[in-house]
Structures are given as structure tokens and as C-alpha cells.
Amino acid sequence: MKKILIFVIVALTSLCANAFSIESVRFHCADDTVKINGLLKDAIADRQLKTPGQFMSFFADRLIDTPYVAHTLEGDKEYLTINIDQLDCTTFVETLVALTRAAMMRQATWLSYASALENLRYHNGEINGYASRLHYISAWIIENSSRGNFVEISSMMPHCENLINTLNYMSAHRDSYPALADSLNYAGIKNLEAGYNRHMYPYINKKNIHKKEFVAELKNGDIICITTKIEGLDVSHLGIVRLIDGKPHLLHASSAGKKVMIDKYDLSEMLRNNRTATGVRVLRVQTAY
């Protein structure tokens, strides 16, 4: 019995090494760990799931109809928030990627999920206060690409162009972010934004999204980042690709639909009706390390 106990302690220690501390975690409810473990166990047991895109799609299907709730990460203190019962567009995609990373490592435990989530969500992969969260999607893309969590394939897509944008939306709208009332948090965000002055990034203009050569390069489970003309902002919405009758639709946590859903309009038509959207960036999750 003593040997088994020692093994369990060593196993838990190895899972948490170089990752989050338990004290930094905030759960939504008591069933969070059970639900996450169940999702991971089911995905690992499904022998038809082989590619990251297949895992992303599997988990997305299991989360359809989850209520859309904004601002679930906010609070008096920055925690590694684990909440799969209430999702916005960003936390939905982060949840899918973290589940996929854990499942592809064949680790059916919420500890592995939480470690992957922290690695995705924070600067240098470690939680260290509000300003350490990767609030801007451009920063999120650059850091996670460097850590091998996914790769941006926008520049390899047909009709790719470049945008130049200065990211300062958060500091310019300080009153909209309660955490920025704290001078240290505000200084941290300003420091982050300083690295994205006249930032250049690839995108595909929405006028070209319907073209067959672009559509042909998309796969189920690819991450779609919708770029915006809103001043100081790079990306306004996230989701993943769901191909229906050869056309890409967005599977996303919809603020309009109030839940995780597959948009009834294909991606081209969806963006045509969005006045602030300019196009998309496309990311693809990598095979787990």
C-alpha cells in the first residue's frame, strides 16, 4: 500500500512540475474536474481520432449548446480559471486546444488539461497576474506558435495579404476594463502594447474567403481568427472550422446565439454581414509534444 501511495504522489508531482500551482486555480463548480476527465477519457478511447483537427472537432461537438457567458476570467485576482460550463469565443477555443493537447498526450486528467491551459493563456506559459494573460490575439498567436501549440498558416493560404496595425485598444478604453484601474495592471498592459506598435500580420481579406482555392486549404478544427477594423484591435472573434457540404462554417461560442453553435451562414456570408470584420487569420493545432 505504501508503494502505491508513493507512486501516486510522484505521478501528481510530475504532472504539476513546471506548471500551475493548485492555489492559482479557480473552478466554476465541483464537477469541473469530473467533466474534464470524462471528456479526455472518451477522446482517448476513440480510436478514430488521430489528428489534432479531429480531436478539436470531437471536443467542440461535445460542447455544443454550452451557454455563452462573457468575462468569466475576470475577478479581484488573476486565477487560472477552469470553466467549461460557460464559454466566450476565446475561452471556447482555448478549452478545445487544451483538451486536444492533453488527449494527444494520452493524459486523461484535468491536471494535464490545466497545465496545457496555462501554457496557452499566459505570457511565457505561466500565470503572473492580470497583465500576464495574453489579451491580444496577435500576442497569443506569436507566443503559442513559438511554444509549438499551433502554427499560423495564414501566410501559406491563397490570397494572403498583410495588415499593419497598432494595438492599444485596452489602454485607450481603460474604463472598460475594471482591472486597469490598478496602476500596475495598466502599466503591464501598456508594456505589452508597446511591443505591438505598427504590428504586421497576415490575413485573408473577406472578399476572398468564398474562393475555392482558399476553401480547399481549410480543415475541420482549424482555428479562425476574425480580423477587425476597430481601431487599436487586431481580432474581434474566434471559432473553428466546420465544413458542411464543402463550405466552411464557424463553430463558435456566439454572443448573438448565446451558446456554442455552428453558424447557419457559411464563413464568407457571415463576414459579409459583419461591418467591422475585415477577414481572417487561420491557425492549425500541432501534434502534441
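Residues numbered from 1 in each chain as written. Predicted model: local features only at pLDDT ≥ 70, side-chain atom pairs only at ≥ 80, totals over all residues. Heavy atoms only, no water.

Draft legend 1. Looking closely at the overall build of the protein chain. Within the protein chain one finds 10 helices and 10 strands. On C-alpha atoms alone, the protein chain measures out to a radius of gyration of 19 Å, which is about the 19 Å that the 2.2 N^0.38 rule sets for 289 residues. Referenced to the eigenvectors of the C-alpha coordinate spread, the extents of the protein chain come out at roughly 65 × 50 × 30 Å. The buried share of the protein chain, taken over its 289 residues, is 49%. In the form shown here, the protein chain has an accessible surface area of approximately 14200 Å², with 53% of it arising from carbon and sulfur atoms. Here the protein chain contributes 32 positive and 30 negative side-chain charges, whose respective centroids are spaced 4 Å apart. (Helix = DSSP H or I, 4+ residues; strand = E, 2+ residues; numbered from the N terminus. Rg over C-alpha atoms; globule rule 2.2 N^0.38 Å. Buried < 20%, exposed > 50% of the residue type's maximum accessible area, 1.4 Å probe, protein only. Areas by Shrake-Rupley, 256 points an atom, 1.4 Å probe, with all protein chains shown as cover. Lys, Arg positive; Asp, Glu negative; His and termini not counted. Charge placed at Lys NZ, Arg CZ, Asp CG, Glu CD.)

Draft legend 2. Spotlight on the environment of Glu143. On the secondary structure map, Glu143 appears in helix 6 (residues 137-146). Glu143 sits 31 residues away from Arg174 along the chain, and the two C-alpha atoms are 24 Å apart. Apart from residues lying up to four places away in sequence, Glu143 is in contact with Tyr122, His123, Asn124, Gly125 and Leu134. (Contact = heavy atoms within 4.5 Å.)

Draft legend 3. Region of interest: the pairing of strand 7 (residues 235-244). For strand 7, the tally of buried residues reaches seven of 10 residues, placing the bulk of the element in the interior. Inspection of the sheet shows strand 6 (residues 223-228) paired to strand 7 by five bridges, in the antiparallel sense. Residue Thr227 lies in a different strand from strand 7, and its bridge partner there is Val235. Between the antiparallel neighbours strand 6 and strand 7 lie six residues, among them Gly232 with a positive phi of about 85 degrees. Summarising the sheet, strand 7 and strand 8 (residues 247-254) pair through five bridges and their orientation is antiparallel. If you follow Val241 over to strand 8, its bridge partner there is Leu250. Connecting the antiparallel pair strand 7 and strand 8 is a turn made up of two residues, with Asp245 showing a positive phi of about 55 degrees. (Pairing = 2+ DSSP bridges.)

Draft legend 4. Structural view of the confidence of the model for the protein chain. With 92% of its residues at a pLDDT of at least 70, the protein chain reaches an overall mean of 92. Segment residues 1-18 is flagged for pLDDT under 50; beyond a separation of four residues in sequence, or across chains, it makes five contacts in the model. (pLDDT = per-residue confidence, 0-100.)

Draft legend 5. Spotlight on unusual backbone geometry. Of note in the backbone geometry, Arg106 takes a positive phi value of approximately 60 degrees without being a glycine. Its location among the elements puts Arg106 in the loop between helix 4 (89-104) and helix 5 (110-121). Judged by relative accessible area, Arg106 falls into the partly exposed class, the value being 48%. With a phi close to 65 degrees, Lys258 is a non-glycine residue in the positive phi region. Along the chain, Lys258 falls in the loop between strand 8 and strand 9 (259-266). Note on Lys258: relative accessible area 56%, which makes it exposed.

Draft legend 6. Up close: the nonpolar core. By size, the foremost hydrophobic cluster in this structure holds 60 residues, and its most contacted members are Phe59, Phe92, Tyr113 and Ile223. Discounting residues that sit within four places of it in the chain, Tyr113 has contacts with Ile36, Leu40, Ile82, Ile84, Thr95, Ala98, Leu99 and Ala102. Core analysis: the second largest hydrophobic core is formed by 17 residues, Phe214, Ile226, Leu271 and Val282 among them. (Core = buried A, V, L, I, M, F, W, Y, C linked by side-chain atoms within 4.5 Å.)

Draft legend 7. Spatial organisation of the packing of aromatic side chains. Tallying each qualifying case throughout the model produces three aromatic pairs. Aromatic pair Phe58 and Phe59: ring centres 5.4 Å apart, planes at 80 degrees, arrangement edge-to-face. With respect to class, Phe58 is no different from Phe59; both count as buried. Between Trp140 and Phe150, the ring centres sit 4.9 Å apart and the planes meet at 50 degrees, which makes this aromatic pair tilted. With a gap of 10 residues between them, Trp140 in helix 6 and Phe150 in strand 3 (residues 150-152) connect regions that are remote in the sequence. On the basis of relative accessible area, Phe150 is assigned to the buried category, the value being 1%. When the ring centre of Tyr186 is taken as origin, the NZ or CZ atom of Arg174, which lies over that ring, is 3.8 Å away. (Phe/Tyr/Trp six-rings, centres within 6.5 Å; stacked < 30°, edge-to-face > 60°. Lys NZ or Arg CZ within 6 Å of the ring centre and 35° of its normal.)

Draft legend 8. Summary view of the environment of His252. Mapping His252 onto the fold places it in strand 8. Looking at His252, the relative accessible area reads 3%, which means it is buried. His252 sits 29 residues away from Ile223 along the chain, and the two C-alpha atoms are 9.9 Å apart. Sequence-distant contacts of His252, defined by excluding residues within four places in its chain, comprise Phe92, His237, Leu238, Gly239, Lys259, Val260, Met261, Asp263 and Met270.

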